[in-house]
Amino acid sequence: MASPPEHAVDPFVAVESLRAALDRAGIVLPSLAVDPAAPALALVELGRVRADVALRLAEALQPRGAAA
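How each quantity is defined
Residues numbered from 1 in each chain as written. Predicted model: local features only at pLDDT ≥ 70, side-chain atom pairs only at ≥ 80, totals over all residues. Heavy atoms only, no water. Helix = DSSP H or I, 4+ residues; strand = E, 2+ residues; numbered from the N terminus. Contact = heavy atoms within 4.5 Å. Salt bridge = Lys/Arg side-chain N within 4 Å of Asp/Glu carboxyl O. Buried < 20%, exposed > 50% of the residue type's maximum accessible area, 1.4 Å probe, protein only. Expected span 1.5 Å × (residues − 1). Arc of directions from axis to C-beta. Patch = residues over 30% accessible without salt bridge, like charges linked within 9 Å, V, L, I, M, F, W, Y side chains within 5 Å. Areas by Shrake-Rupley, 256 points an atom, 1.4 Å probe, with all protein chains shown as cover.

Asker: For this particular structure, what's the right way to read the environment of Leu-32?
Answerer: Position of Leu-32 among the secondary structure elements: in the loop between helix H1 (11-24) and strand E1 (33-34). What Leu-32 contacts, discounting residues up to four positions off in sequence, is Val-15, Leu-18, Arg-19, Leu-22, Val-44, Glu-45 and Leu-46.

Right under this line is the structure:
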């Protein structure tokens, strides 16, 4: 199934989808939100995180069994 064009993605849906996926991995990005500054761009604000959270996020993105 092809991905929709970038401009067709609802940023609020994207934020909630990402928040749910991160939650399943035990990761919280406190600043995760839709960026209201440029609604036409549909930007998602990921925010800053502590180094340990960044490391857990990197590990969660690695394929199963792959070394970091």
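Next comes the rest of the description.
Asker: Can you walk me through the pattern of salt bridges in this structure?
Answerer: Two side chains with opposite charge may pair up if their charged atoms get near one another. As enumerated under the stated definition, the model contains 2 salt bridges in all. When the shortest N-O distance is used, the salt bridge between Arg-19 and Glu-16 registers 3.6 Å. Separated by 3 residues within a single helix, Arg-19 and Glu-16 lie in helix H1, roughly one turn from each other. According to the relative accessible area criterion, Arg-19 is partly exposed, its value standing at 33%. Arg-50 is the partner of Asp-52 in a salt bridge, and the nearest nitrogen-oxygen pair spans 2.9 Å.

Asker: Looking at this structure, how should I read H1?
Answerer: Count 3.6 residues to each turn of an α-helix, and residues three or four apart come out pointing the same way. Taking 1.5 Å per residue as the helical rise, H1 with its 14 residues ought to reach 20 Å, and the 20 Å between its terminal C-alpha atoms agrees with that figure. Turning to H1, its buried residues are Pro-11, Val-15 and Leu-22. Down the axis of H1, the buried side of the element spans an arc of 45°, and every buried residue falls inside it. Facing away from the buried side of H1 by more than 90 degrees, the exposed set consists of Val-13, Asp-23 and Arg-24. Along its buried surface, H1 packs onto E1, strand E2 (44-45) and helix H2 (51-61). With its phi angle positive at about 75°, Gly-26 sits one or two positions after the end of H1.

Asker: Can you walk me through the environment of Arg-56 in this structure?
Answerer: Locating Arg-56 in the fold gives a position in helix H2. With relative accessibility at 34%, the residue Arg-56 sits in the partly exposed group. The residues touching Arg-56, leaving out its near neighbours within four places in the chain, are Gly-26 and Ile-27.

Asker: Explain a nonpolar patch on the surface to me, please; I cannot follow it from the model alone.
Answerer: A contiguous nonpolar patch, built from Leu-18, Val-44 and Leu-46 and spanning about 200 Å² of accessible area, is present on the exposed surface. Along the chain, Leu-46 turns up in the loop between E2 and H2. The partly exposed category is assigned to Leu-46, whose relative accessible area is 43%.

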